[in-house]
Amino acid sequence: MSAINDMLAANERFAATYTMGDMPPQPRRKLTIVACMDARIDPAPALGLHPGDAHIIRNAGGRVVEALRSLAISQQLLGTEEVAIIHHTRCGMATFADDDIRGRLRDTLNADADHIAFLPFRDLEQSVRDDLEAYRQSPIVRQDIPVRGFVYEVETGRLREVN
Ligand SMILES: [Zn+2]
């Protein structure tokens, strides 16, 4: 019993009928999405995306600071020209503080993570605004393109913009 073994079996079935081998790497919609890694969010059906359409950069919380490296590559090397930042309701990032995870890392792995910012947040809308600001403050991402922030409601599947 292993989730990875299950994954490998599913991939065998997927590859048996795979036909997208010639797709170009540049996202067709020139769109990059920064979103939380939350397992309840499936961006493709939720946002009408198909393979080849967009870059989706995911991390805990959908935090921009952690995504800047990928955003720069997406824009400079793969031609994306719009950015959507998506945080969501009931996010796990609102359930802990830096000291909680630092303490847990000390207890379970004997690791000193006191220098690491894990970027939890308390106010959901404010976290989106903070990330729009983090984007604006970065010199390595384009400032001449649309950059918009959203909250995805896991309760309804609906996206709402944060201004
Ligand atoms: Zn989340």
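One can find the structure itself at the top, above this paragraph.
Predicted model only: the values in this text are computed from it and were never measured.

Engineer: So what exactly am I meant to see when it comes to the coordination of the zinc ion here?
Structural biologist: For a metal with four tetrahedral donors the ideal donor-metal-donor angle is 109.5 degrees, whereas six octahedral donors ideally subtend 90 or 180 degrees. Note on the zinc ion: its protein donors are Cys 36 (SG), His 88 (NE2) and Cys 91 (SG). The metal-donor distances range over 2.0 to 2.3 Å. The motif formed by the donor residues of the zinc ion, counted along the single chain, is C-x51-H-x2-C. One end of the pair, Cys 36, is in strand S1 (residues 31-36); the other, His 88, is in strand S3 (residues 82-88), with 52 residues separating them in the sequence. Residue classification places Cys 36 among the buried residues on the basis of a relative accessible area of 5%.

Engineer: Would you explain the packing of aromatic side chains in this entry?
Structural biologist: In this description, a pair of aromatic rings is defined by centroid distance and the angle of the planes. Evaluated as defined, the whole model comprises 1 aromatic pair. Relative to Tyr 18, the ring of Phe 14 lies with its centre 5.5 Å away and its plane at 55 degrees, an arrangement referred to as tilted.

Engineer: Before we go on, may I ask you to explain the environment of His 115 in this structure?
Structural biologist: With respect to the helices and strands, His 115 occurs in the loop between helix H4 (98-109) and helix H5 (124-137). Separated by 13 residues in the primary sequence, His 115 and Arg 102 have C-alpha atoms spaced 9.2 Å apart.

Engineer: Is there a simple way to explain the environment of Val 128 in this structure?
Structural biologist: Its location among the elements puts Val 128 in helix H5. According to the relative accessible area criterion, Val 128 is buried, its value standing at 0%. Among all residues touching Val 128, those that are not within four sequence positions of it are His 87, Gly 149, Phe 150, Val 151 and Val 162.

Engineer: Please clarify how the environment of Pro 25 should be interpreted in this entry.
Structural biologist: Structurally, Pro 25 is set in the loop between helix H1 (3-16) and S1. A relative accessible area of 56% means that Pro 25 is categorised as exposed. Note: C-alpha distance between Pro 25 and His 55 (30 residues apart in sequence) is 9.7 Å. Not counting residues up to four positions away in its chain, the partners in contact with Pro 25 are His 55 and Leu 78.

Engineer: Teacher, can you tell me more about empty space enclosed by the protein here?
Structural biologist: Taking a probe equal in size to a water molecule and rolling it over the atoms shows the remaining empty space. Evaluated as defined, the whole model comprises 1 cavity of 30 Å³ or more. Of the pockets and cavities examined, the largest cavity occupies roughly 40 Å³. Lining the largest cavity are Ala 35, Ile 41, Pro 43, Ala 46, Leu 47, Ile 86, Tyr 152 and Leu 159. Sorting elements by how many residues they give to the lining of the largest cavity places helix H2 (residues 43-47) first, with 3 residues.

Rules of the game
Residues numbered from 1 in each chain as written. Predicted model: local features only at pLDDT ≥ 70, side-chain atom pairs only at ≥ 80, totals over all residues. Heavy atoms only, no water. Donors = N, O, S within 2.8 Å, 3.2 Å for Na, K, Ca; no water. Helix = DSSP H or I, 4+ residues; strand = E, 2+ residues; numbered from the N terminus. Buried < 20%, exposed > 50% of the residue type's maximum accessible area, 1.4 Å probe, protein only. Phe/Tyr/Trp six-rings, centres within 6.5 Å; stacked < 30°, edge-to-face > 60°. Contact = heavy atoms within 4.5 Å. 1 Å grid on protein atoms, 1.4 Å probe; cavity = no way out; pocket = protein on both sides within 12 Å on 5 of 7 lines; lining within 4 Å. Points joined across faces, edges and corners; volume = space filled by probe spheres on them.

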